[in-house]
Structure formats: structure tokens, C-alpha cells
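Read off the chains here:
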Amino acid sequence: MADLTSNFVGIKSPNPFWLASAPPTDKEYNVRRAFEAGWGGVVWKTLGEDGPPVVNVNGPRYGAIWGADRRLLGLNNIELITDRPLHVNLQEIKSVKRDYPDRAMIVSLMVPCVEEAWKAILPLVEETGADGVELNFGCPHGMSERGMGSAVGQVPEYIEMVTRWVKQNTRMPCIVKLTPNITDIRKPAAAAKAGGADAVSLINTINSITSVNLDLFAPEPTIDGKGAHGGYCGPAVKPIALNMVAEIARSADLRGLPISGIGGVTTWRDAAEYLAMGAGNVQVCTAAMTYGFKIVQEMISGLSDYLDSKDMHSPAELIGRAVPNTSDWQHLNLNYISKAKINQDLCISCGRCYAACEDTSHQAIAMSDDRVFTVKDDECVACNLCVNVCPVENCITMEQMAPGTTDPRTGKLVEADYGNWTTHPNNPNRVAAE
Amino acid sequence: MSANALTPGIAAGRLRSDDLQQNFADLHPPMGQHEAQVAADRCYFCHDAPCVTACPTAIDIPLFIRQIATGTPEAAAKTILSQNILGGMCARVCPTETLCEQACVRETAEGKPVRIGQLQRHATDILQAKAGHPFSRAAPTGRRIAVVGAGPAGLACAHRLAMKGHDVVVFDARPKAGGLNEYGIASYKSTDDFAQAEVNWLLGIGGISVQNGQALGRDITLAQLQAQYDAVFLGIGLGGVNALGADGDDKQNVLDAVDFIADLRQASDMATLPIGRDVVVIGGGMTAIDAAVQAKLLGALNVTLVYRRGRARMNASPFEQDLAASKGVRIITNATPVQVLGNGAVREIEFAYTDDTLTPTGDTFRLAADQVFKAIGQTLAGSGLPDTDKGKIATVGAGRTSIAGVWAGGDCATGGDDLTVTAVAQGRDAAEDIHATLTAEG
Ligand SMILES: Cc1cc2nc3c(=O)[nH]c(=O)nc-3n(C[C@H](O)[C@H](O)[C@H](O)COP(=O)(O)OP(=O)(O)OC[C@H]3O[C@@H](n4cnc5c(N)ncnc54)[C@H](O)[C@@H]3O)c2cc1C
Ligand SMILES: Cc1cc2nc3c(=O)[nH]c(=O)nc-3n(C[C@H](O)[C@H](O)[C@H](O)COP(=O)(O)O)c2cc1C
Ligand code: SF4
Ligand code: SF4
Ligand code: SF4
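A brief structural summary. (Residues numbered from 1 in each chain as written. Chains lettered and ligands numbered in written order. Predicted model: local features only at pLDDT ≥ 70, side-chain atom pairs only at ≥ 80, totals over all residues.)

### Quick look at the overall build of chain A
We count it as follows: Put simply, DSSP marks the helices as runs of H or I at least four residues long and the strands as runs of E at least two long, and each gets a number from the N terminus on. Field definition: a residue is buried when 20 or more other C-beta atoms are found within 10 Å of its C-beta, exposed when 12 or fewer are, and partly exposed for counts in between, with C-beta atoms placed from the backbone. A pair of residues counts as a contact when their C-beta atoms, built from backbone coordinates, are within 7 Å of each other.
Scanning chain A for helices and strands turns up 12 helices and 20 strands. Along the first, second and third principal axes, the C-alpha atoms of chain A reach 75 × 60 × 50 Å. Out of the 434 residues in chain A, the part that is buried amounts to 45%. The contacts in chain A between residues at least 6 apart in sequence include a share of 70% that link residues at least 24 apart.

### Remarks on the sheet that holds strand β13 (residues 348–354) of chain B
Residue and element names in this part refer to chain B. Our working rule: Being paired, for any two strands, means DSSP has found at least two bridges between them. The angle between two axes is taken between their N-to-C directions and runs from 0 to 180 degrees, where each axis is a line fitted to C-alpha atoms and a helix contributes only its stretch in contact.
Read across the sheet, three strands follow the order β12-β13-β14 without closing on themselves; strand pairing throughout is antiparallel. Where the open sheet ends on each side, the last strands, each with one partner, are β12 (335–341) and β14 (360–368). Geometrically, the sheet is characterised by an average inter-axis angle of 25° between neighbouring strands, direction not taken into account. Examined bridge by bridge, β12 and β13 share six bridges and lie antiparallel to one another. The partner of Ala 335 across the bridge, within β13, is Tyr 353.

### With respect to the site of ligand 5
Short version of the rule: Being near a molecule or strand means, for a residue, that its C-beta atom, positioned from the backbone, comes within 6 Å of it. Classes in brief: Ala, Val, Leu, Ile, Met, Phe, Trp, Tyr, Cys and Pro nonpolar; Asp, Glu, Lys and Arg charged; the others, Gly included, polar.
In the vicinity of ligand 5, 16 residues are found, and the nearest of them are Cys 43, Cys 46, Cys 51, Pro 62 and Cys 104 of chain B. Chain contributions to the surroundings of ligand 5 come from chains A and B. The element contributing the most residues to the shell around ligand 5 is helix α4 (residues 61–69) of chain B, with three residues. For the shell around ligand 5, the class distribution of residues is 15 nonpolar, no polar and one charged.

### Details of the pairing of strand β14 (residues 230–233) of chain A
Residues and elements named next belong to chain A. Strand direction decides the pairing type here: strand β6 (residues 72–77) and β14, joined by three bridges, are antiparallel. Within β14, the position partnered with Leu 75 by the bridge is Cys 233. Judged from the three bridges that link them, strand β11 (residues 206–208) and β14 form a sheet pairing that is antiparallel. Note that in β14 the partner of Ile 206 across the bridge is Tyr 232.

### Points about the interface of chain A and chain B
Contacts between the two partners involve 12 residues from chain A and, on the opposite side, 10 residues from chain B. Residue composition of the side of chain A that touches chain B, grouped by class: seven nonpolar, two polar and three charged.

Structure follows, in C-alpha cells:
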């Protein structure tokens, strides 16, 4: 059986599943129960500077998007950092870490953008025995209006400056948590690296308005007739987060910068995908908030079985495996030609592929009077839309055409050699193929 | 001490009233809001959907289900009712397992169709619980049309004609409108007096006057109607019943199943209805099943349904057969009644086993019977009607009969199965044809 033990920037945990800094990690009661359930580590709910704690709204703080059967697909929140006194949090962190020495205990921090503030809080965190700190440069609501959170995360110079202060004032490993509310994730990641960060974690939540109340004419969640944008997370954000992780993982300048993958991790499979895309571990928030702490058991058994099935002995062997295959469009092989193929034994004749292709694509699916659906190879461009709309798994497959055969759509021979856009005759900027 | 299941002979009140209430409650209780949402989410919104083809009234099923899924059940109801004005009753009584749900691609895929009938009920119930009527009438045409029969065919025809701006008079021999919706459908399919509520709701469009207690051939004649109205639609159903043709079938308590069922539907208290301890039902269709099941639900101890051919030939769907079996009805196939025994009233009935060609095998058996219900088919009743074909009024196109200006539809006419939904489709289509004919005449 695979050994799931994880070592992320020197921080050890029995598995690579950490709870992200959020309500699940807001207090001792939660974190103890999370550890009992099997979580490898937690990033404690973000602490602010000493003094009167922030306050949260007293109306609803979440909005949501649902799929079939009210499956929660996306969650939006307007919660701030911890609203409990600093010393209470610190005491609790210390007590939990003492009782669970094998688990990772990271403390998330967000204090004003002056060095004194960081100098003041870091020794207090060190004193708890915590394994590291995470700098919350991501919170996109409320705190950003006060010049913290994503207001810092959106300015690479600030990220670098604050990271440097932190590295100069503590021996603890420092993870910089990035906001996705920027145009190029590599810039803030590079700034963190330049400031000396041990790792980046991403993503924090995405600016969002989940819905508008059509009776009140106000965004939801609505508080006394008004609403504000919040931060989006959950399964819906995974594709965005995964791309950002890939951008960093395959950047030549950032190569080797450890990544803690966050955003929509709900099952072992999501976690495995993050690892393959270059993350050293994953953090989870919404899935735990939706289903409770127990889901980690499925994540552990699932990842372990998957690694076994691939003859891998530890997550380390999986980490980054998909990075070399993540390329740019211009390098995709234009000589690779495939055609959709419908398995008539599996087809239930719903006609969705037909409607999709006929109305919105390439008119490449034929429908007979008795509802038999077939692909017209001379029209099919292999776009994959039919595969995506077909309700029956594996009913439509993409079949590669063998080199040497003729593509009935173009009348051209399928070439065996790789050829991409950079050398394509239609490309005005093409380079000569060697 | 009141009667119980073991009380010999025929007795009322064999069951306690709360048991009766439970027995005759909704067969498929309505879906809750969330259940409907989940069920609606299962629809694939098929292209040129096979379920629509399978619905005799061609309701745009994917569209109405999507309207439910997006939280607009009243729009869904309008989609349903614009094709099938009795969509509420059809949602309750359609044998969906042989219609839309049989054709559903998810039946093909998983053997679990989208629950179209239940969703249809969900939407129509919501709309019909609201005051008002969703359809309005076109400008008055000044034309008057007579509809004979206030069953599903006649009502659907009348509604569509009223919508087109015509004035309609509906004549029906019975004291209440609704046809078999009111007098035939099993009690547990149409609960809470739904049939009358639906008729009243339908009449909400205006322009339709219903004259009950008016029988064609007794109180009115076809010639009179033709003279007084611009067109006539006949939706008189099948008023007669086939005879048993067994020795002694005139004995007491050998009864027509349809009358027993009508009594059930009209009873205000099931505990007042007398039922035998031993009941035999003869027939293999929906009527036979409904009579047998309801006899059992009333508290009969032994209910046996006897059908002359094999199971596969039964008109009742496998779902209906299973329903009967689950209520404790014993089904015997390949047996034909040969004589009814008893002194004045039936005591026993003798059957001969028959093979699939109805040839007696030579073996016979007897069943004790306090009551025998005959459900061996209904027949067209009446004289002076248009030409018939195989016992039904012959029609071409949308219900045109051999007499110009006279249309027919529903059970009394040729074409389609004897189902509520088919009657609605035929009534609606005849109305369109009447309208087209009258407006073309100028
Ligand atoms: C017991 C039973 C159970 C059934 N269960 C189902 C079911 O679950 N699902 C389903 O889809 N179908 C069912 N059916 C069939 C369905 O009820 C009929 O197909 C449908 O009612 C036919 O409608 P219709 O308008 O043609 O005739 P009917 O409903 O029979 O209506 C005919 C009307 O015409 C009136 N009438 C008759 N003669 C005259 C006259 N001379 N003058 C004036 N008025 C007259 C009658 O009083 C009646 O109101 C069942 C039938 C029976 C008998
Ligand atoms: C209610 C709520 C509060 C959060 N608070 C914080 C926070 O205090 N600090 C922080 O770094 N991230 C915070 N987050 C962001 C999460 O840690 C995480 O980055 C994000 O939810 C994406 O992961 P997920 O898709 O698994 O939920 C919060 C998220 C939620 C839903
Ligand atoms: S979408 Fe799939 S199941 Fe539906 S018709 Fe096309 S191939 Fe068949
Ligand atoms: S009317 Fe009957 S057959 Fe048609 S969709 Fe409704 S339930 Fe199905
Ligand atoms: S066949 Fe089934 S899945 Fe397809 S549209 Fe009809 S109800 Fe929906």
C-alpha cells in the first residue's frame, strides 16, 4: 500500500490533505475533530493583529450555486478573518499542536502592511509550536477594503516586501497564499519567490456575485436589502485554480517553487489531479463545509488505491507528472486527426449529440427516421462537443485516424509526423520546419 | 357487531373506515417540490423527443419538464394544457408505462424513465389550484356547435371550440359531466372529487353550456341537432356492455363491472357499499383490474380475476397486473365461464380451461362467488348514428363521420386505443377540423 506521508517544505503530515484556512479551522473544537477524522494538517483560520477583533455581518454570509438534486457546486462568502481574540486563538493552537504533534499546524496571518505589525505577531505564533505560517494575500472582500488581503496580493511589490519582512522575522517556513483576482498568476508567485517564500498556496476565493434576488433586486446573500460581492470557491472554481497551478508549475522562472493546491478539491481524484499538476499537497475548505470532516477518509483511501494501481509508492511519485504534458496551443499536433464514433449498443437515442452538432457545430451527425444517430466522417472536425453532451458515458468516443489513411473531410492524407502551428503554411509568422 | 372479511355473502362495511380511507387514497401521492425538482433534473431534453411521439396528445414533454426544473411550474402547466386540456386527469390515469414513459430514453438506458406523469401532475395541480383560467377565447364567431357526451372527448372538443370563439352546448345523458372520468376511473386514481373540479376549471373558459340528463335518441335526435347547430360532435363513449353468454348468467349478483365502479365513484362513504366475501371478475382489461382491485380494497376476502386467454394477451399492462397482484387479487388465465350456478342468486361459477385459440381443454373448475363482475368489453349503444366499422362510428381524418357536419371521437369512434388521453386528442383534433371547416365555408 502506498505511503501517503507528506513532507511539504519540511512540514510533515501523515497525508497531503490539509484543511484550508476558513471556518473549518476557526477554533480548537473544530480542529481537534478534524484531526480525529484523519486530516493531515490544518491552516488555522486567519489571525489579525492584537486588539479588538474584526466583526462579521450578522445576516447571511454565504451564497451558492447548485446542480441537480441541490448538489452544491459553488459557494460564495463574505466572511472576514477570525473574529475571536488573538490570545484565545494562540492558546488553542498551542494546545492542539501539543496533542497532535504529527499533524501539520500552519497559522494564517493577515496584519497591516507595516513591518512592525508582522514583527509583533510572528514571535507569538512561533511560541505556539506551529509548523509554519501562511500569509493571506487573498481575501477579496472586506479586508481588502482596509488595504489587506487581496489588496496586497494584487500588487507584486507589496507581496515581495511583506514576504521578506516575514522571512527576516521568523525561522518558520512561510507559505504565501495568492489571490486569483489578477490577470497573470505568475507575477505574484514570482514576487513571493523573490521575497523568499518557501511556497505559494493557491487559490483563495474569486470575486463573485452568485445570484440576484429578483424580488429585492439585490445581490445574494442580501442583508437588509443590500448585498456585496464575495469570494467564490467550491467545485466550480477547480478548473480556474488548476490552470493557475499549472501556470506556475510549468513556468521556467518559477520551476521548483512548492505549491499547495487549493480550490474545489472535493474528492481524492481532484486531489490527485492537483498533485499531478505540480502541487505538493492540497488544501480543502468547501468540501468539508458541505459534507463534514469525514470526507477525508474517502480522499485517503482513493488516493492510496490510485497510487497502488499506478505502482506508485508515495504521492511524491505523482507530483508534477502532468506538467510536461501541459503545453501551449501552438505546440499541439495539428496532424493528429480523430473522428467521433457512436457506439450503437450504448446509444439511447436521445438526440442530444444531434441537436448540439446540428444547431451549434459542424452538422456532422446524421439522424435517421428510426432515430439512429451516426457521425458523418466527412463533416466531423472532432470538436468533442457531442462527447460532452452525450448523457451516456463512453457512448461517443474519439477515434484517432491512422497515418496514411485519408481524412474524408479534407481529402488529405493523415500524416505520421508531428506538425504544429508554428510551422503551418497558413501561419504568417511561421518558422521553417527543420 | 358489524361485518368483517369473513362474513359470508354480501355485506357492507367489511373494513374499518380508516382502513377504507387508506385503501382508496391516491395511488401515486403528489410529488413534493423538491422531489419534482430532482425528477425534472433527470430529463435529458431530448431532440425530437421520443416521449412526445408516444404521447397521443403530443405534449412537449422536454419543454414542460425544463420549465419545472427552472422553477416555473405554471408555464409548464400551460405547455401541457395547450395540447391536452385534461392534462391533470391524464397525469393521473394514463398508463404511462405503455406511453410516454415507455418511450423515455432513460427507460431504455436504465429501466427508470423520467417520471413524466407525476411531473405533469405536479405542474397542472399548481396551476389549477389558482383562481382563473389560463386560456382566453377568440372573438365570437357567431357559430354554435353541439357536442354530445361530456366525457374526455366531448370536453376537449368543447374547450377547443370555445377557445376559437364558437359557442358550444354539451349534452350528456348522465347527471354529472366528465364521462368515465367521473364514473369509470378507479377511485384511487382520481381522489378528492378531482374529476368535477377539473370539469369546472375547464368550463372556466366560458362559452360552454352543459346540459345534463339529455340523452341522444331519448331527449334529442341527431337530426334536430344538425338543424339547430352549425356542427355536431359525438363523444358518447361506449354505453353498452357485452353479454357473458354462459348458462345462468341472468342470476342475481351477476353484474356489470362498470356499474360497480360507477357506484364506487359516486359513493360518499365506502363503508355503505356492499361487497361479496367471494368475488369473481371476468375480463382482462383495465376495467377488470379496476373492479377486482377495488373489490379487494372494499374488503372482499377472495377476489379472482379470470381471463380467457394468456397473460401476454391481457389488455391491462404488466404494471396494472402487478398492482392487482400486490393487492391480493388472484389472476387465473386461459379459462372461460361456462355456467353460473345458484338458486336465484349466484353461488358458484364454473369455468372451462381453454388454450390460446380459446379451444376448451376439457377440464373445468368452479369458484365460489357471491358476486360476479363482468368486464368483457363495452359496446357502442344508440341508433341513428353515422355508419359504423367494427362496432364503432367510422371516421376519416380528424373525426369526420359518414354524415357531413357530424364529427365523432373518443371511445365511440374508430382509431386509437380506448384511453382518456386518446379521447382528448381526438376531441381536440375534431374541434380544429370543425373550426377549419366552418371558417372555410365563410
Ligand atoms: C372502468 C374503466 C377504467 C378505465 N381506466 C382508465 C385509465 O386508468 N386510464 C385511461 O387512460 N383510460 C381508462 N379507461 C378508458 C377511458 O375512461 C375512456 O377511454 C375515456 O373515458 C373515453 O372518453 P370518451 O369521451 O370517448 O367517453 P366517455 O368517458 O365514456 O364519455 C362518454 C359520455 O357520453 C355520455 N353519453 C353516452 N351516450 C349518450 C347519449 N346517447 N346521449 C348523451 N350522452 C351520452 C356518457 O354519459 C358519458 O358522459 C377506463 C375505462 C373504464 C370503463
Ligand atoms: C467562509 C470562508 C471563509 C474563508 N476565510 C478565509 C480566511 O480567513 N483566510 C484564508 O486564507 N482563506 C479563507 N477562505 C478561502 C479558503 O481557505 C480557500 O482558499 C477557498 O475556499 C478555496 O478552496 P475550496 O474550493 O476548497 O473551498 C475562506 C473561505 C470560505 C468559504
Ligand atoms: S447523445 Fe449519446 S446517447 Fe444521445 S443520441 Fe447521441 S450518441 Fe446516442
Ligand atoms: S398525457 Fe399521458 S401520455 Fe401524454 S405526457 Fe401526459 S401522462 Fe404521458
Ligand atoms: S425521452 Fe425522457 S429524457 Fe428524453 S425528453 Fe422525454 S422525458 Fe426527457
